[in-house]
Amino acid sequence: MAKIFIDDQQYTVKDGQNLLQASLSLKLDLPYFCWHPAMGSVGACRQCAMTQYQDENDTRGRMIVACMTPVTEGMRVSMQQPAEKEFREQNIAALMTHHPHDCPVCAEGGECHLQDMTVMTGHNERHYKGKKTTFTNQDLGPLVKHEMNRCITCYRCERFYKDYAGGTDLAAQASRNNVYFGRQSDGTLESEFAGNLVEVCPTGVFTDKPFGDHYSRKWDLQTAPSICQHCSVGCNTSLSERYGSVRRVTNRFNDHLNGYFLCDRGRFGFSFVDHDTRRLNITLDGQQNNWADTALNVRLKNKGRWIGIGSSQASLEDNFALQQLVGSENFNPGLDAQQEVLLATHMAILNQWQAPSLAQMEQADAIVIFAEDVNNSAPRIALSIRQALLNNAKVQAEKLRVPSWQDAAVRAIQPHHPVPLAIFGFGESDLAKQATINLVCSPKQAAEQGFLLASMLSDRAPTPKVSKASSETLALLEVLRKAKRPLILTGWSANNPALLAAASNIRNALKVHSTATENGQDDAMLCIVPPEANTLGLGLLTQNGYLSIDSLDVENSTTEKSNLLVLDHCSPAFVNRLSKWRKCADNIVRLSQLGIPDADEVNLPVSTFSECSGSLLNYQGLIQSHLPATKPSGQCMPGWQWLVNIAKLRQHSLGEISDLGQLRGLLNQDFPQLCEHFNQHHQTQLALQTPRVSGRTAMLANQTVHEPKPFSELGAPYKQSMEGTQVGQKNEFPLAYSWSPGWNSNQSNHKFRDEYRGTELEKQEGVRCIKLGQSDQWFKWQANWSQKNKAQWQILPLQKVFGSDNLSLHALPIAQLKIQAQIVMSPLDAKKGGYVAGQLLYCDDNSTALQLIISTQVPASCLLIYVPADQLFELQHCEQLTAATGKQIDEYSQQIKHLQTTQQTVKQQHRDKLLAQDQTIPIHFIDGVI
Amino acid sequence: MSNEIPILQIDLAKQQVVNYRDVLSQTEIDAIEHECSLYESRHAAAIDALQIVQKQRRWISDESLYAIANMLGMSATELEGIATFYNLIYRQPVGEHVIHLCDSISCWLHDYQIIANHLRNTLNIEFGQTTKDGKITLLPNVCLGCCDKAPALMLDGELVESLNIETLDNLMQGLSRGQNG
Amino acid sequence: MDKPLSQYLDLDNPQNLDAYKTTGGYQGFETALNMQPQEVQKQVSDSQLKGRGGAGFMTGIKWSFVPMGKDAPKNKYLVCNADEMEPGTFKDRWLMEGAPHLLIEGMMIAAYAIGADVAYIFLRGEYRLCATRLQQAIDEAEAAGLLGNNINGTQYSLKLHLHTSAGRYICGEETALINALEGKRANPRAKPPFPQVVGLFGRPTIVNNCETLCNLPGILKNGSQWYAELSGGPDAGTKIYGISGRVKNAGLWELPMGTTARHILELSGSMQDNLTLRGWLPGGASTDFLLPEHLDTRMEYDAISKVGSRMGTGVMIVLDDKHCPVGMILNLLKFFAQESCGWCTPCRDGLPWAVEILSRIEDGQGTQDDLDALQQLCGFMWIGKTFCALAPGAVEPLRSGMKYFADDFQQHIDHKGCPHGH
Ligand SMILES: Cc1cc2nc3c(=O)[nH]c(=O)nc-3n(C[C@H](O)[C@H](O)[C@H](O)COP(=O)(O)O)c2cc1C
Ligand code: SF4
Ligand code: FES
């Protein structure tokens, strides 16, 4: 800690920080542009000027820029000196000489960092008399809109895009006062983190395109704290609505998980809630129906056996209610057979090793990835790993007495002080490009090498009977022996439990290994990436047994007919499975968000995550709850509510539940570890808007002069209000939006945090649901892991950010970026077979057309295949590849063109709908007013 | 053989990727490779590479830019950021001859504007433009380091010092003679 | 008088390796090679040699920050700053065209002293003749085994490469130069870390001006004592001084450090007929104006700063009474505005703003407010407020010009036009 004096007032701040960060964390208002807590200082904008004095006797002082000045014991500075105040005003005036002052048409208006800073400096008059420069804007694709004239040249976009996120297609161009931030030519931004530019840019150069097509001011939006539904990280988001429709997702700061950044799947995937196939009505055998209908009631009251099929797309509450209703022995988690094994293995490992948060992973000093393409399966994790790659350079910088927030310096020495990154697996990715150790191999080989590695680290680890250690494994062994905080990462995407076992053994071995070393500190990390937002929720519920898919298959083919009660599922693979069971089931009842109901089922429309509360367990088993931003649409109800209603019909005890609080009470009984989370959650008063617009809103003033009551979820234990928790209070939870006095933009998040992702993060990060056991379990190599397949080609699954998550494919912006099916082959195999990149191929007699990519990151005799999640593809291996005929190619191209035109129409329709809504603000949104 | 395989007309790669061997000459490739060998990283040769290609082709077209980017293993956008930073890299076509007229202080003190106006009138173009016949491009340049012999210009890389209307006319005549044969 | 630099100079037909050697060339390097690198550093420190790139920092002290010894990083770099783009400055070109081997020898000495194994000459692109002559000299030296592996049978190896830049004044700023050599946009880097520790490609690097390096062979050959005694004053050695503008014979001369400005003016034959001296910039476009009354100032670092300017490159520019000071300052500022790298706000947006105002004043559209605004902009871009020294340098002629030529400014406003008819 350091004692410093700001305008003669004494403060104690953490040393090593820069003065800007220290001042902001003291809640002082110092304007800035180029600095960012996650990206460090570069000193470009010069906005954060202060005066520094040598000692008490120094009256003149000299100007410094705070972001480049480390705090030191006893330092004396001033923020109030007229000279520096004037400088700060001049600086804003200068950087706005070319700003178009077009705030009315700017989607950023009202939450603009530039506006905030301008007010803060007091700059209120334009003196520059020259002409303004005008730039041409670029079409950067469906997600991000470009308006270069608003640029104030703070370089943050480039630094985020290129340095932080590793994108190569956005950079500063030209020079002097002509600097231009864009691509070489028009085209969709390639980085899956491009959407963050919207929040990183302090003004309106990069804006959210889908939102901007019909934007609202921040003060007209109501915002709820939400959780991203599109992968297992569970990034915290703010979900905003206007007039009952969800308009956008922005990042909700969480120091432990997403920090300041989301991936584009999360930012733009939410609009699946507006998809054409969104279920809004009860249907019975394909016909619209209602709850009171007797035929429907008969179906729901069927006295036979009920089998429940859970879903990792549904909340913990929904799955729990289903399990309660049908009983554990009749509850199937809705996974396939291999996934059930993966889930069991994963849970066993989580019992032993707590998974690290993203903040912790960013501290790693060595990284090993076994056959998991995190860049695509959980992109936000990959972004964190990217940051960890700077750690050794930061250590080196500190040795040279350069603070680690001196971003450019750290990056300059990074090449000579890399953090080792070992990748055992396949496929090209941003991380694979940076690997210092790279073994291109099949998941099975990766697992074998992992087992070997563990046994070399500790003789207590079981050995696999097969293979010898590769040179990469030996290199990795050396790395792991030296590393203090190694991260081992694997996941479900290769569909191979042996990988999880191998990773766990290495983790165990590292513990044994570290106890043998001097300091005995064991800070190794193990992270396993499950596929979906609530996969581990199923893990929690099925810990004490469940109905496996094998038994389900058997039972469904026996004569005794049962009823299937199916939670939300819309993947083609599941629909395919269900259609097999359909033949034998007596009666099918589905609770759906999306999809076309079949002719022989009861389909109950469920509220999406935007319309109701729910909880999810992320990859760490951390429970997080989201709150609704809007009311349920149509006849929708939360899944658990339908189940409670069905229970009522059947006089089941679950029917006694009357609200979410009671249901969670039941959950607490079974899982007491959840109490803490739910208690905290339920005591909250939740403000949907910033205090600035609190209560006295004029939102619906043309309809009524009565102040509308904020919408509150039916039976919700918390209250949505206008005056809820405010930012700046310690432990504010949940925080719906970002705001603090004078700071209307999301940069208000940068205040009040004395350290970002530092070693002294507050320990409290939430409730982990999977309890640690003491067991010291080693996995043995299983015989069935060694099974050989004689097929010509082995197929390995590939993932894509925009394509492998089915839910987000129902969101138009993501659908527009959807990548079509691909097949990847090694150059050698391509040459042998005479295949050419770009060609369209078919596997055996499968009808999916796959476009060929040639890459060295493919293990021998393997094909990497990616098929979008909305298409069915179940092959594991393949004997023969056939090239598409000219006619097939034409058809394929036609299809894609057709798709693009349809998407344009859908986009237009959606916009028209929102416009029409503006004209007639629906009075029924006002509760308590007729 | 491979030409007969039908290729889908949908862009595989999103960025402008060309194979540098299809665009650059062997001489250019060799010269660039030599520059690459002088630095710790291939990217460092970017400016040299741009100059090498520009020497051959007078200016850097999009195609050349993509080819160099491909050869150095960088993105077209990054290379564009570099190409547009340095003023001696031309991202637009220039004429057969390029005149850089010094407009800095010593030449200003020697009334270079007279020379400038004379040039604009004779060539009938403004600074930054190329004559209609594509022969001559006129560009301003910062101090050429000929301050003792101001005013000065650089014609196709050669310095011409102590300019006056007469020497300028001779120079222009020389150029047009060259153009006639 | 000894002329350790220009004694080798032949602009029409520069000495080749043999000729250079027979006149005493490469003796300095051979002396160095027989010493420990640290001893070479000490000799240069003792000589009191100050950098000739503009800032006048002691070369020996600058070198002493380079990590030496066994634990030092393996690769280190020496870079010659031959970007000479400061308007009104042409001394480095003179040296390189006239005595290419002198520079190469100087670089070899410097590289040896800091333990660098690779050296680059960063040459501005417009200096084509320099490029040809330097490359020839490098080839000769390589062929003679003076460059390459195990020079003169010692453990020391050095490669020397010529890099021709593609323009932009900012490349002369040493950290921007490093970025440019790395093939990047030439924005300056923050200090610390200093290039001596983290420089080119992240490795310890020394950037020295061309003229600075040309001084080394003499120092090594004749000793630091000799060097210090070349000048009578506090700054050691000789300096390439020069003058341009409306004088009879503009040019360059090697003179003892501390020669008066008046002497230099006289060497040029004084102002052209019918012209009177109104003011002068002592060392390039980024130095403050001085007046005729300051002509007796000795051209050395302290003496010049005492009268309110900077020595800079030591090549003077003179303003005569037929040229408008406002016009001159406008020309200078246009240069700086155009050459701003675009990194920091005051320079990127402040300089064009100043140009906009000055243009209006020069065109007779200026107001009294504009003068205040200009004054404010001077403060806005002053030392400590910008990221590098470009903008403060740009402000120097403006703020001093507004002080010394206040009447001219006022006349532009009062008479709505340029009194000099520009
Ligand atoms: C904008 C700017 C331009 C510069 N241009 C040059 C230059 O062209 N040549 C040069 O030697 N130094 C130039 N310098 C000074 C260098 O930054 C650096 O101080 C010098 O090369 C150090 O060499 P020395 O120690 O031998 O003087 C420039 C500085 C600035 C701020
Ligand atoms: S003062 Fe700023 S903008 Fe100007 S050249 Fe230096 S860093 Fe670039
Ligand atoms: S925030 Fe400090 S200089 Fe930009």
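Conventions used here
- Residues numbered from 1 in each chain as written.
- Chains lettered and ligands numbered in written order.
- Predicted model: local features only at pLDDT ≥ 70, side-chain atom pairs only at ≥ 80, totals over all residues.
- Heavy atoms only, no water.
- Helix = DSSP H or I, 4+ residues; strand = E, 2+ residues; numbered from the N terminus.
- Buried < 20%, exposed > 50% of the residue type's maximum accessible area, 1.4 Å probe, protein only.
- Contact = heavy atoms within 4.5 Å.
- Domains from an automatic or database assignment.
- Buried area = accessible area lost by both parts, 1.4 Å probe.
- Salt bridge = Lys/Arg side-chain N within 4 Å of Asp/Glu carboxyl O.
- Nonpolar A, V, L, I, M, F, W, Y, C, P; charged D, E, K, R; others polar.
- Pairing = 2+ DSSP bridges.
- Axes fitted to C-alpha atoms, helices over the stretch in contact; angles between N-to-C directions.

Considerations on the overall build of chain B
Okay, step 1: Secondary structure summary: chain B contains eight helices and four strands in total.
Okay, step 2: Written out in order from the N terminus, the α and β elements of chain B read α-α-α-α-α-β-α-α-β-β-β-α.
Okay, step 3: The 181 residues of chain B split such that 54% are buried.
Okay, step 4: For chain B, restricting intrachain contacts to residue pairs at least 6 apart in sequence, the fraction spanning at least 24 positions comes to 61%.

As for the domain arrangement of chain C
Residues and elements named next belong to chain C.
Okay, step 1: What the domain assignment reports for chain C is domain 1 (6-228), domain 2 (238-320) and domain 3 (325-414).
Okay, step 2: Centre-to-centre, using C-alpha coordinates, domain 1 lies 27 Å away from domain 2.
Okay, step 3: At the interface, 19 residues of domain 1 touch 19 residues of domain 2.
Okay, step 4: For domain 1, the biggest contributors to the area lost against domain 2 are Arg52, Phe90 and Trp94; these three give 30% of the whole.

A closer look at unusual backbone geometry
Okay, step 1: Here the amide bond leading from Lys191 of chain C into Pro192 of chain C is cis, since omega sits at -5°, within 30 degrees of zero.
Okay, step 2: In this structure, Pro192 of chain C sits in the loop between helix 8 (174-181) and strand 4 (205-209).
Okay, step 3: Across the junction of Pro192 of chain C and Pro193 of chain C, the peptide omega takes the value 0°, indicating a cis bond.
Okay, step 4: We note that His101 of chain A has phi near 55°; this positive angle belongs to a residue other than glycine.

Notes on the interface of chain C and chain B
Okay, step 1: Each partner contributes residues to the interface: chain C has 55 residues there, and chain B has 39 residues.
Okay, step 2: In total, about 3700 Å² of surface goes out of reach between chain C and chain B, with carbon and sulfur atoms giving 57% of it.
Okay, step 3: On the chain C side of the interface with chain B, the three residues burying the most area are Glu126, Ala166 and Asn331 of chain C, jointly 17% of the side's total.
Okay, step 4: There are three salt bridges connecting chain C and chain B.
Okay, step 5: At seven residues, the largest contribution of residues to the side of chain C that touches chain B is made by helix 13 (residues 325-339) of chain C.
Okay, step 6: Residue composition of the side of chain C that touches chain B, grouped by class: 22 nonpolar, 20 polar and 13 charged.

Looking at the interface of chain A and chain C
Okay, step 1: Residue-level contacts link 37 residues of chain A with 33 residues of chain C.
Okay, step 2: The junction of chain A with chain C conceals about 3000 Å² of combined surface from both sides, 58% of it contributed by carbon and sulfur atoms.
Okay, step 3: If you sort the residues of chain A by the area they bury against chain C, Arg46, Arg176 and His416 of chain A come out on top, with a joint share of 19%.
Okay, step 4: For Asp370 of chain C, the salt bridge goes to Lys129 of chain A, with nearest N and O atoms at 3.7 Å.
Okay, step 5: Looking at the side of chain A that touches chain C, the elements with two or more residues in it are helix 2 (82-95), strand 7 (171-173) and helix 15 (407-413) of chain A.
Okay, step 6: The biggest single contributor to the side of chain A that touches chain C is helix 2 of chain A, with seven residues.

A word on the sheet that holds strand 4 of chain C
All names here are of chain C.
Okay, step 1: A sheet is described by the order of its strands in space; here four strands give the open sequence 3-2-1-4, paired in parallel fashion. Edge positions in the sheet fall to strand 3 (159-164) and strand 4, since each of these pairs with one other strand and no more. Taken pair by pair, the neighbouring strands of this sheet meet at an average axis angle of 20°, ignoring direction.
Okay, step 2: Judged from the six bridges that link them, strand 2 (residues 118-123) and strand 3 form a sheet pairing that is parallel. Following the sheet pairing, Ile121 is matched in strand 3 by Leu162.

With respect to the environment of Asp349 of chain C
Okay, step 1: Mapped onto the fold, Asp349 of chain C is located in helix 14 (residues 345-362).
Okay, step 2: In this structure Asp349 of chain C comes out as buried when scored by relative accessible area, which is 6%.
Okay, step 3: Spatially, the C-alpha atom of Asp349 of chain C lies 46 Å from that of Gln7 of chain C, the residues being 342 residues apart in sequence.
Okay, step 4: With near-sequence residues (within four places) excluded, Asp349 of chain C lies in contact with Ala94, Leu95, Thr97, His98 and Asn177 of chain A.

Quick word on the pattern of salt bridges
Okay, step 1: Across all of its chains, the model carries 60 salt bridges over all chains by this definition.
Okay, step 2: Its salt-bridge partner being Arg248 of chain A, residue Glu111 of chain A comes within 3.0 Å of it at the nearest N-O pair. Here Glu111 of chain A, found in the loop between helix 2 and helix 3 (113-121), pairs with Arg248 of chain A, found in strand 12 (residues 245-251); they are 137 residues apart in sequence, far enough to count as distant. No difference in accessibility class separates Glu111 of chain A from Arg248 of chain A, as the two residues are buried.
Okay, step 3: With its nearest N and O atoms 3.3 Å apart, the salt bridge here joins Arg348 of chain C to Asp349 of chain C. Each of the two residues, Arg348 of chain C as well as Asp349 of chain C, counts as buried.
Okay, step 4: What you see here is one network of salt bridges that share partners, running through Arg582, Arg590, Asp598, Asp600 and Glu601 of chain A.

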